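Architecture and fold: a report
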Amino acid sequence: MEYSDFQTVILMEIPKIKDGQVFLAKDLFVGYDWAALSKNEKLSFGRYLKKQVLSKAVSGIAFVGNAGNGSAQYIKNGGNKQ
């Protein structure tokens, strides 16, 4: 999976998440097969998403900490921009 594919997933799936909803990176793979991705692809996507959120490249999403399994958690609190 390429970084352009990561951006496509983010732009397509974040608008579908309800405001106030806490989610994990894998939750953006509705309709995609998260299990089919390699561990490296999953980690790369997670790092990419976190970097995009922390740099404010994706608006309306905030990093809220880590889940019990170490996965980054995010909350939607508005829209998104490209």
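Look up a bit, the structure's there.
Residues numbered from 1 in each chain as written. Predicted model: local features only at pLDDT ≥ 70, side-chain atom pairs only at ≥ 80, totals over all residues. Heavy atoms only, no water.

1. So, the pattern of salt bridges
Any two side chains of opposite charge can pair, on the condition that their charged atoms come close. Here is the rule: Whenever a carboxyl oxygen of Asp or Glu lies within 4 Å of a side-chain nitrogen of Lys or Arg, that contact is scored as a salt bridge. Think of it in three bands: with a 1.4 Å probe and only protein chains considered, a residue is buried below 20% of the maximum accessible area for its type, exposed above 50%, and partly exposed in between.
One pass over the full model with this rule turns up one salt bridge. For Lys 16, the salt bridge goes to Glu 13, with nearest N and O atoms at 3.3 Å. Accessibility expressed as a relative area gives 6% for Glu 13, which makes it buried.

2. Some details on the nonpolar core
As a reminder, the rule being used: For our purposes a nonpolar core is just a set of buried Ala, Val, Leu, Ile, Met, Phe, Trp, Tyr and Cys residues, chained together by side-chain atoms within 4.5 Å. Numbering of helices and strands runs from the N terminus, with a helix taken as a DSSP run of H or I at least four residues long and a strand as a DSSP run of E at least two residues long. Two residues qualify as a contact provided that any one of their heavy atoms is within 4.5 Å of a heavy atom in the partner residue.
If you look at the biggest cluster of nonpolar residues, it comprises 18 residues, and the most contacted ones within it are Ile 10, Leu 28, Phe 45, Leu 49, Ile 61 and Tyr 74. Residue assignment for this core shows that the elements contributing at least two residues are α1 (3-13), α2 (39-54) and β3 (72-76). It is α2 that contributes the most residues to this core, four residues altogether. Those residues in contact with Leu 49 that sit more than four places away from it in its chain are Ile 10, Ala 25, Leu 28 and Tyr 74.

3. Things to note about unusual backbone geometry
A positive phi angle is found at Lys 56, which is not glycine, with a value near 70°. Mapping Lys 56 onto the fold places it in the loop between α2 and β2 (61-66). Residue classification places Lys 56 among the exposed residues on the basis of a relative accessible area of 60%.

4. Some thoughts on the sheet that holds strand β1 (residues 22-24)
The condition is simple: When DSSP locates at least two bridges between a pair of strands, those strands are taken to pair. Where helices are involved, their axes are fitted lines through C-alpha atoms of the stretch in contact, as for all axes, and angles between N-to-C directions lie from 0 to 180°.
Taking strand neighbours across the sheet as the criterion, the three strands line up as β1-β3-β2 in an open arrangement whose pairing is antiparallel. Two strands close off the open sheet at either side, each with one partner strand: β1 and β2. Recorded for the sheet is a direction-independent mean angle of 35° between the axes of neighbouring strands. One ladder, built from five bridges, connects β2 with β3; its direction is antiparallel. From the neighbouring strand, Ile 61 faces β3, where its bridge partner is Lys 76. In the packing of α2 onto the sheet, the strands contacted are β2 and β3, and the crossing angle to β2 comes to about 125°.

5. Overview of α2
Short version of the rule: Expected helix span is taken as 1.5 Å per residue step, with the number of steps being one fewer than the number of residues. Working note: the arc is built from the helix axis to C-beta atom directions.
An ideal rise of 1.5 Å per residue puts 22 Å on 16 residues; α2 measures up with 22 Å between its terminal C-alpha atoms. When we look at burial in α2, the residues that qualify are Ser 44, Phe 45, Tyr 48, Leu 49, Gln 52 and Val 53. All buried residues of α2 lie within an arc of 160° about the axis, which places them on one face of the element. More than 90 degrees from the buried face of α2, the exposed residues found are Lys 39, Asn 40, Arg 47, Lys 51 and Leu 54. Phi for Lys 56, located one or two positions after α2, is positive at around 70°.

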